[in-house]
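Descriptive analysis of the structure
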2 protein chains.
Amino acid sequence: MVTAPVMPLAGNPLHRAGNERRDPAWLGDALAGERARFLPVLRLKVPVTAGPDSAANHRLAWARRGDWMEEAGDPILLGLDGDDPRFAVDVSGCPEPAAERFGLGTGVEFQGLRTAAPSLPVGDAAIATQARSLLGWHERHPFCAVCGGETTVRNGGGSRSCTACAAEHFPRTDPVVIVVVSRGGRALLGRSGRFPGNLYSALAGFMEPGESVEEAVRREVGEEAGIRVGEVRYLFSQPWPFPGSLMLGCLAEGLSDEIAVDPEEIEDARWFTRNEIVEALAGRSEVLSVPQPIAIAHHLIRAWLAA
Amino acid sequence: MVTAPVMPLAGNPLHRAGNERRDPAWLGDALAGERARFLPVLRLKVPVTAGPDSAANHRLAWARRGDWMEEAGDPILLGLDGDDPRFAVDVSGCPEPAAERFGLGTGVEFQGLRTAAPSLPVGDAAIATQARSLLGWHERHPFCAVCGGETTVRNGGGSRSCTACAAEHFPRTDPVVIVVVSRGGRALLGRSGRFPGNLYSALAGFMEPGESVEEAVRREVGEEAGIRVGEVRYLFSQPWPFPGSLMLGCLAEGLSDEIAVDPEEIEDARWFTRNEIVEALAGRSEVLSVPQPIAIAHHLIRAWLAA
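Residues numbered from 1 in each chain as written. Chains lettered and ligands numbered in written order. Predicted model: local features only at pLDDT ≥ 70, side-chain atom pairs only at ≥ 80, totals over all residues. Heavy atoms only, no water.

1. A look at the overall build of chain A
When you go through chain A residue by residue, the secondary structure sums to 6 helices and 15 strands. Taking 307 residues into account, the globule formula puts the C-alpha radius of gyration at 19 Å, and chain A, at 22 Å, falls close to it. C-alpha atoms of chain A, sized along the principal axes, occupy 60 × 50 × 40 Å. Here chain A holds 307 residues, and 55% of them are scored as buried. When contacts within chain A are restricted to residue pairs at least 6 apart in sequence, long-range pairs at least 24 apart make up 63% of them. (Helix = DSSP H or I, 4+ residues; strand = E, 2+ residues; numbered from the N terminus. Rg over C-alpha atoms; globule rule 2.2 N^0.38 Å. Buried < 20%, exposed > 50% of the residue type's maximum accessible area, 1.4 Å probe, protein only. Contact = heavy atoms within 4.5 Å.)

Structural data, given as structure tokens:
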């Protein structure tokens, strides 16, 4: 049995304390204790200790409890670092949302996760991924979809509860299939109109109700590029917190050649040769660039080359 | 490349028309045309032509347009059967929700999907799965989680749109990991307090924000049974419309022996030998029964035996 490699943004070292967090007394102690640390998140940006020297010195910056919390959102439990509770806190509503205000010291700046992640240690990037997903979900769910009532945080952010109808709502994770289709030694890649330069990537799309991963791959490739797909093989997965996806990475076998792009979904799709992709990965190509290593697509393209 | 087998409830033969449905004119024609057919769904039960003879005669029962639709919910496009549009319609609010009222003829009864699926052809069970997931989601989302405003159906049920803040909401699919853990020739199975008799199944749990499939497997097995997990291998997936899950079926390698059950999550977990599982699958065991073939757990257990 060969396990999947750990993708960037995965590899979270925290123990999520899924059982403990349902105990209000435990949660109260965790929050009030001396060892609690808080990640202030400002409009979904995370505080990063950007060392003066190399990128390798970057770390997430954790705050201690302080009066700044009176103006911040509810602390959302991320989990335990050993015995030490770690929380994320939305500080977007604070009047002075500067690093100093939260006692984070100098040299700390708020960075978007796409910017911050490549310079952070694996575990810190994964914690930031979890924090961004969770806070983003809470921010987008102040009301109950069942009755329209107001919702409040429950179980340290593990869910939200409706104050009117008592419905409980859990954080949402949207499964997305992402796939490199292979046929006759070439790989199918596509580009959205939003992509810069000559960037092409693996085809991807949200899963729909009532389909399997394998069916979703066939449907998406058919809709976007008009290519029929046979065998589908799952390789690895990645949490993608923009805002809350689970990327299910696959390789698949193409059964037809002629591409028919749906212009509402993508701008172009093409078959690329091994050599074109090798050159693109090496940054030597003038006709093709491929996604950076933060994206699962990068690793799927490498896996296709190695297959 | 070996593809995953098709699980029960997957294998939907309809073309979902994901591009076409965004065109209001196309949708209007599809709805008004002579070839449109409608699946009346009554409190999430589907109409089944229960043949007088064998189970093999069962089929979904499709209605034609009629004045009954004035009292029913918005038609939700399932897709195209060849060129013929197929819709699901919630008839729970109709004053006379009987099969005859919808022109379905005699011998049609509304059945829950767990009851109906084993007697339906693969494609019909999959269409019923899609219909149940979609209608259930629409039923639970009349309001906007962002602002509390009312939402209305869009794109033939492909999404809902908020009448107040214009936020667009898409059907939700919750990824769930489900796993048979293997160690020393034995398999780890667990039971919930709700399970009848001596039924044990694969351990399972909802994925959380910011984790990969492989991490979710390790977390769930740790939380529920206290077993450490090494390698994780994805095998196959299944849509599970109760109410809207995507089951991601895995085998995994156990790294420890001693089970510590979390009583809030499950009632018991045990290591079972190959022979115990063979006997259970054959229906000959007095100490163990395993899930029926409609559940992905059944197929994971068989895959573990074959591995």
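Having seen the model, we can carry on.
2. Quick word on the sheet that holds strand β8 (residues 159-162) of chain A
Residue and element names in this part refer to chain A. Taken together, the 3 strands give an open sheet; going across it, the order is β7-β8-β9, and neighbouring strands pair in antiparallel fashion. Looking at strand neighbours, the two that pair on one side only are β7 (151-154) and β9 (168-169), the edges of this open sheet. Inspection of the sheet shows β7 paired to β8 by 4 bridges, in the antiparallel sense. Within β8, the residue paired with valine 153 across the bridge is arginine 160. (Pairing = 2+ DSSP bridges.)

3. Examining the nonpolar core
Grouped together as the largest cluster of nonpolar side chains are 49 residues, with contacts concentrated most on A:Val46, A:Leu60, A:Leu78, A:Val180, A:Leu189, A:Ile277 and A:Leu300. Not counting the four nearest positions on each side in its chain, A:Val46 is found in contact with A:Leu39, A:Val41, A:Leu60, A:Glu109, A:Phe110, A:Gln111, A:Ala116 and A:Ala128. (Core = buried A, V, L, I, M, F, W, Y, C linked by side-chain atoms within 4.5 Å.)

4. Let's talk about the packing of helix α5 (residues 274-281) of chain B against helix α6 (residues 296-306) of chain B
Residues and elements named next belong to chain B. α6 packs onto α5 with a crossing angle of 135 degrees between their chain directions and a minimal axis gap of 11 Å. Taken together, the axis directions place α5 and α6 in an arrangement best described as oblique. The element α5 and its partner α6 pack so that their crossing is left-handed. Judged by residue contacts, Arg274, Ile277, Val278 and Leu281 of α5 engage His298, Ile301, Arg302, Trp304 and Leu305 from α6. Each residue belonging to the contact of α5 with α6 can be placed in one class, and the counts come to 6 nonpolar, 1 polar and 2 charged. (Axes fitted to C-alpha atoms, helices over the stretch in contact; angles between N-to-C directions. Parallel < 35°, antiparallel > 145°, perpendicular 65-115°, else oblique. Left-handed = near helix turned anticlockwise from the far one by under 90°. Nonpolar A, V, L, I, M, F, W, Y, C, P; charged D, E, K, R; others polar.)

5. Re the relation of the copies chain A and chain B
Of the transformation superimposing chain A on chain B, the axial component is 0.0 Å and the angular component is 180 degrees, with the fit at an RMSD of 0.0 Å. Read as a symmetry element, the transformation amounts to a two-fold axis. Residue by residue, 100% of the interface of chain A is reproduced at the interface of chain B, so both copies engage with the same surface. (Least-squares fit on C-alpha atoms with pLDDT ≥ 70 in both.)

6. Concerning the sheet that holds strand β1 (residues 37-41) of chain A
All names here are of chain A. Across the sheet, which stays open at both edges, the 3 strands sit in the order β1-β5-β4 with mixed pairing between neighbours. Unpaired on one side and paired on the other, β1 and β4 (76-81) mark the two borders of the sheet. Direction aside, the axes of adjacent strands within the sheet are offset by 25 degrees on average. Summarising the sheet, β1 and strand β5 (residues 84-90) pair through 5 bridges and their orientation is parallel. Within β5, the residue paired with phenylalanine 38 across the bridge is phenylalanine 87. Of the strands in this sheet, β1, β4 and β5 touch helix α3 (residues 122-139), which is tilted by about 160 degrees from β4.

7. Things to note about the environment of B:Tyr200
All names here are of chain B. By secondary structure assignment, the location of tyrosine 200 is in the loop between β11 (186-191) and β12 (203-206). A relative accessible area of 3% places tyrosine 200 in the buried class. Taking the C-alpha atoms as reference, tyrosine 200 lies 5.1 Å from glycine 190; in sequence the two are 10 residues apart. Among residues more than four places away in sequence, those in contact with tyrosine 200 are Leu189, Gly190, Arg191, Asp268, Arg270, Phe272, Leu288, Ser289, Val290 and Pro291. Here arginine 270 takes part through its side chain, which lies 3.2 Å from a polar atom of the side chain of tyrosine 200. (Polar contact = N/O pair within 3.5 Å; in protein donor to acceptor, adjacent residues only side chain to side chain.)

8. Topic: the interface of chain A and chain B
It is common to give the size of an interface as the accessible area lost on bringing the parts into contact. With 56 residues of chain A at the interface, the matching set in chain B holds 56 residues. Each partner contributes to the roughly 4700 Å² buried at the junction of chain A and chain B, and carbon and sulfur atoms together form 53% of this total. For the interface between chain A and chain B, the tally reads 8 salt bridges. A salt bridge links B:Asp262 to A:Arg22, with the shortest nitrogen-to-oxygen separation between them at 3.7 Å. Where chain A packs against chain B, one counts 26 residue pairs in polar contact (both at pLDDT 80 or more). Where the side of chain A that touches chain B is concerned, the elements lending two or more residues are α3, α4 (213-225), β13 (229-240) and β14 (245-254) of chain A. (Buried area = accessible area lost by both parts, 1.4 Å probe. Salt bridge = Lys/Arg side-chain N within 4 Å of Asp/Glu carboxyl O.)

9. Re the side chain of A:Arg132
Residue and element names in this part refer to chain A. Take arginine 132: it is sitting in helix α3. Summary of buried charges: arginine 132 has no salt-bridge partner, and the nearest side chain of opposite charge, glutamate 139, is 8.2 Å away. Residues in contact with arginine 132, not counting those within four places in the same chain, are Leu44, Leu113, Pro241, Phe242 and Pro243. (Lys, Arg positive; Asp, Glu negative; His and termini not counted.)

Functional significance is not addressed by these values, which are geometric in nature.
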